[in-house]
Amino acid sequence: MVEVRKVAAGTVAVFALLFSALTAIPAHAADAGAISGYVTDADGQPVENATVEIATPFNGFPDPTESHIVVATATTNESGFYEVDGLDSRDSYRVRFSSSEDKFAPEYWKNSPDVLEFEYVKVINGYTKSGIDAALEPGASITGDLKDSAGRNPVTDDVEVWALRLSTNSSWVEGQRYLAHHDAIRHAKVDPDGTYRLAGLPEGTYRLSFSVKSAQQTTFYHGGATEWGLAERLSLKAGQHLAGLTTTLPCGESQAVLCESTVAVKAKPKKKRQVS
């Protein structure tokens, strides 16, 4: 009987040890999954302070054409490493990599600059899915200026320019509005002297969209078009710098308010009347 009691006591001790070990597991490790990886440049050198953005489809179904909600972000360390935890295995995750440095272009997992061509990442609760890496390509850039038909520059500070990258999966109808998806890669303020700079652009085909808040948020495109489907296309290679691009304000009758809002015409000073 004494020997049996010793065995029972030992068994209880073993169960107690196992229970203690299980309850010591962090909640995020037991209830959720994680993603980790490295971000480098095209030569394999680590990129520090790169941003990793984790997003899920708005409607819950993995569809690249749908809107996505950012659920987590991370920043890489000096080794280019990052880790994001607290992810649910029931969701599919879009992973986007970018850098505040203009010399790099953003991309999606796996090594895709295209917002419709990425691959979703799935996780397993309690485990870290490693190897979600990125090698950032050199970014292209565009510099230009905005003028009216008389060669004058805007003098307001509410004009923005957007670099909209056309997806390779998009469809077009000639002369009609844009039917499929584009990615708003970068945007910038147009300076009062009419100049602007867009950098960190991935290789691809672009439209430049200008928006004027003081003209009821009027939008027009480089090349003078006021419809997306008629906008001029600009093709960029990785690391290419496109300089000296001049965009002319579409100052027709229907866009009169646009030019009135963005270009100031200095009135001639009136002569003072002399009082005798």
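Q: Honestly, unusual backbone geometry in this entry has me stumped. Any pointers?
A: What is expected of a backbone is that most residues other than glycine have negative phi and most peptide bonds are trans. Cis geometry marks the peptide bond from Trp109 to Lys110, where omega comes out at 0°. Here Lys110 is to be found in the loop between β6 (107–108) and β7 (128–129). Despite not being glycine, Asn111 shows a phi value in the positive range, around 45°. Here Asn111 is to be found in the loop between β6 and β7.

Q: What am I meant to see in the sheet that holds strand β9 (residues 140–147) here?
A: Within a sheet, neighbouring strands are paired by backbone hydrogen bonds and run either parallel or antiparallel to one another. Ordered by their spatial adjacency, three strands build an open sheet running β12-β9-β16, and the pairing between neighbours is mixed. Each having just a single partner strand, β12 (195–201) and β16 (241–248) make up the two edges of the open sheet. Taking each pair of neighbouring strands and ignoring which way they run, the sheet shows an average axis angle of 20°. Inspection of the sheet shows β9 paired to β12 by six bridges, in the antiparallel sense.

Q: Please clarify how the pattern of salt bridges should be interpreted in this entry.
A: Pairing is possible between side chains that carry opposite charge, provided their charged atoms lie close to one another. For the structure shown, the criterion picks out five salt bridges. Here Asp88 and Arg90 are joined by a salt bridge, their closest N and O atoms 2.6 Å apart. The salt bridge involving Asp102 is made with Arg197; its shortest N-O contact spans 2.8 Å. Residue Asp102 is located in the loop between β5 (94–98) and β6, and its partner Arg197 is located in strand β12; the two are separated by 95 residues in the primary sequence. For Asp102, a relative accessible area of 37% translates into the label partly exposed. Judged by its relative accessible area of 47%, Arg197 falls in the partly exposed class.

Q: Would you explain the confidence of the model for the protein in this entry?
A: Low pLDDT marks regions whose predicted coordinates should not be analysed in detail. Here the protein averages 77 in pLDDT, while 71% of its residues score no lower than 70. Confidence over residues 264–271 falls short of pLDDT 50; this stretch has two contacts with residues more than four positions distant or in other chains.

Q: So what exactly am I meant to see when it comes to the environment of Glu203 here?
A: Checked against the element boundaries, Glu203 lands in the loop between β12 and β13 (204–212). It is 8.4 Å that separates the C-alpha atoms of Glu203 and Gln240, two residues lying 37 residues apart in sequence. Not counting the four nearest positions on each side in its chain, Glu203 is found in contact with Arg165, Leu236, Lys237 and Ala238. Engagement of the side chain of Glu203 in a polar contact is seen with the backbone nitrogen of Ala238, the distance being 3.3 Å.

Q: Would you take a moment to explain the sheet that holds strand β2 (residues 51–57) for this structure?
A: Reading across the sheet, the four strands line up as β3-β2-β5-β6 and stay open at both edges, with antiparallel pairing between neighbours. Whereas interior strands pair on both sides, the edge strands pair on one side only; in this sheet they are β3 (68–75) and β6. Strand direction decides the pairing type here: β2 and β3, joined by seven bridges, are antiparallel. Its bridge partner being in β3, Thr51 is matched across the sheet by Thr75.

The rules we used
Residues numbered from 1 in each chain as written. Predicted model: local features only at pLDDT ≥ 70, side-chain atom pairs only at ≥ 80, totals over all residues. Heavy atoms only, no water. Helix = DSSP H or I, 4+ residues; strand = E, 2+ residues; numbered from the N terminus. Pairing = 2+ DSSP bridges. Axes fitted to C-alpha atoms, helices over the stretch in contact; angles between N-to-C directions. Salt bridge = Lys/Arg side-chain N within 4 Å of Asp/Glu carboxyl O. Buried < 20%, exposed > 50% of the residue type's maximum accessible area, 1.4 Å probe, protein only. pLDDT = per-residue confidence, 0-100. Contact = heavy atoms within 4.5 Å. Polar contact = N/O pair within 3.5 Å; in protein donor to acceptor, adjacent residues only side chain to side chain.

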